[in-house]
Amino acid sequence: MILAEAAQVPPESTQQAVGYPSLFLLIVLGALVPVVPTGALVSSAAVVAFHQTAPFSLLLVFGVSALAAFLGDLALYWLGRRGMGSKNGSRWLAAIRDRAPEDRLEQAQDKLAAHGVLVLVLSRLVPAGRIPVMLACLMAKMPLREFARGDAPACLAWALTYQLIGILGGSLFSEPWEGVAVAVGLTVLISVAPTVWRRARRTAS
């Protein structure tokens, strides 16, 4: 009886039961270990949701992505604060420092001093901008609660932006895999464009 009922479960329901928890965990992991392309994950999930008939699929992708990014940021910031207070630091704090070049850190500190927690919103939308701003907040000894107030709208804006990229990719093609390929390509292009631009300027100068 149970097997017969399980066989009648729609494929979309099965995909959602596995997909949303996986998306959540991967985005949290990407926030803690800033090498996972979380933007591409959100865009790909949005493409799949766009082609599904289940109601609220896109809304669920948005909610899961924003919540996972927010919780991951808070966890990383909390670990960074612990590292700042420790004599020997921590591997999390070292990872944050390693991914925050001096010039980007100085810019982040200047913007944080001028605009406060509002700079967190832009840091989530600018490729490779999250870590320097987070480190600037740590060095300014910003309380976790204040960081959370700025990071919440930042994660909402981030999730919406990459979901719109996925919807664009999904609307262009009838097959989900084609939309996923376009969405991933766009997010990769967005993420590497600033680095290529900075290297080109250094070469020209």
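In what follows, the structure referred to is the one given above.
Predicted, not measured: the structure shown is a model, and the values here were computed from it. Throughout, residues of each chain are indexed from 1 in the direction in which the sequence is written. Residue-level local features of this predicted model are given only where pLDDT is at least 70; pairs of side-chain atoms are given and counted only at 80 or more, and the full residue set underlies all totals for whole chains, interfaces and linings. The basis for the side-chain values is all heavy atoms of the structure; hydrogens and waters are excluded.

For salt bridges, the criterion is a side-chain nitrogen of Lys or Arg within 4 Å of an Asp or Glu carboxyl oxygen. Here the structure, examined in full by the defined rule, presents two salt bridges. A salt bridge links Arg124 to Asp73, with the nearest nitrogen and oxygen atoms 2.9 Å apart. Of the two residues, Arg124 is situated in helix H7 (residues 119–125) and Asp73 in helix H4 (residues 57–85); the sequence distance between them amounts to 51 residues. Of the two residues, Arg124 and Asp73, neither departs from the other in class, the shared state being buried. It is possible to trace a salt-bridge network through shared partners that takes in Asp73, Arg124 and Arg130. Where helices and strands are cited, they refer to DSSP runs of H or I of at least four residues and of E of at least two residues respectively, numbered from the N terminus. Relative accessibility decides the category of a residue: with a 1.4 Å probe and only protein chains considered, values under 20% of the type maximum give buried, values over 50% give exposed, and everything between is partly exposed.

The terminal C-alpha atoms of helix H6 (residues 102–115), which comprises 14 residues, lie 20 Å apart, in line with the 20 Å expected from a rise of 1.5 Å per residue. Looking only at H6, the buried set comprises Arg104, Leu105, Ala108 and Leu112. Along the long axis of H6, the arc covered by the buried residues comes to 100°, so they all point the same way. Exposed residues on H6 whose side chains face more than 90 degrees from its buried face are Glu102, Asp110, Ala113 and Ala114. Following H6 by one or two positions, Gly116 adopts a phi angle in the positive range, close to 70°. Multiplying 1.5 Å by the helix residue count minus one yields the expected span of that helix. To be clear, the arc concerns the directions from the helix axis to the C-beta atoms.

Note on geometry: axes are lines fitted to C-alpha atoms, helical ones only across the stretch in contact, with angles between N-to-C directions running from 0 to 180 degrees. Two elements in contact, H6 and helix H8 (residues 130–139), have axes whose closest approach is 8 Å; the angle formed by their N-to-C orientations is 60°. By the angle class used here, H6 and H8 are oblique. Taken as a pair, H6 and H8 cross one another with a handedness that is right-handed. Contact with H6, carried on its side by Arg104, Leu105, Ala108, Gln109 and Leu112, involves Pro132, Val133, Leu135, Ala136, Cys137 and Met139 of H8 and no other residues of that element. Across the contact of H6 with H8, the residue classes tally to nine nonpolar, one polar and one charged. Working rule for angles: under 35 degrees goes down as roughly parallel, over 145 as roughly antiparallel, 65 to 115 as roughly perpendicular, anything else as oblique. The crossing is said to be left-handed when, going from far helix to near helix, the turn is anticlockwise and less than a right angle, and right-handed when the turn is clockwise. Whether two residues touch is decided by their heavy atoms; if any such pair falls within 4.5 Å, the residues are in contact. Residue polarity is assigned by list, with Asp, Glu, Lys and Arg as charged and Ala, Val, Leu, Ile, Met, Phe, Trp, Tyr, Cys and Pro as nonpolar; anything else, Gly included, falls into the polar class.

Next up on the list: the environment of Leu25. Here Leu25 lies in helix H2 (residues 11–32). On the accessibility criterion, Leu25 (57% relative accessible area) is exposed. On a C-alpha basis, the gap between Leu25 and Val64 in space is 9.7 Å, while along the polypeptide they are 39 residues apart.

Below, the discussion takes up a nonpolar patch on the surface. Within the patch definition used here, like charges are joined within 9 Å and nonpolar side chains (Val, Leu, Ile, Met, Phe, Trp, Tyr) within 5 Å, considering only residues with over 30% relative accessible area and no salt bridge. Here the accessible surface of atoms and residues is derived via Shrake-Rupley with a 1.4 Å probe, and residues count as covered only by protein chains that are part of the display. Residues Leu26, Leu29, Val33 and Val35 make up a contiguous nonpolar surface patch of about 320 Å² in total accessible area. Along the chain, the position of Leu26 falls in helix H2.

Of note in this structure, Lys141 is not a glycine but carries a positive phi near 55°. Following the sequence through the fold, Lys141 ends up in the loop between H8 and helix H9 (144–172). We classify Lys141 as exposed; its relative accessible area is 69%.

What follows is about the nonpolar core. A general tendency of soluble globular proteins is for nonpolar side chains to be buried together. Take the buried residues of types Ala, Val, Leu, Ile, Met, Phe, Trp, Tyr and Cys, join any two whose side-chain atoms come within 4.5 Å, and each joined set is a nonpolar core. Cys137 and Phe147 are the most contacted members of the largest nonpolar core, which has 42 residues in total. Elements represented by at least two residues in this core include exactly H2, helix H3 (38–50), H4, helix H5 (91–98), H6, H7, H8 and H9. Among the elements that make up this core, the one with the highest residue count is H4 (10 residues). Setting aside residues no more than four positions away along its own chain, Cys137 makes contact with Tyr77, Leu112, Leu120, Met142 and Phe147.

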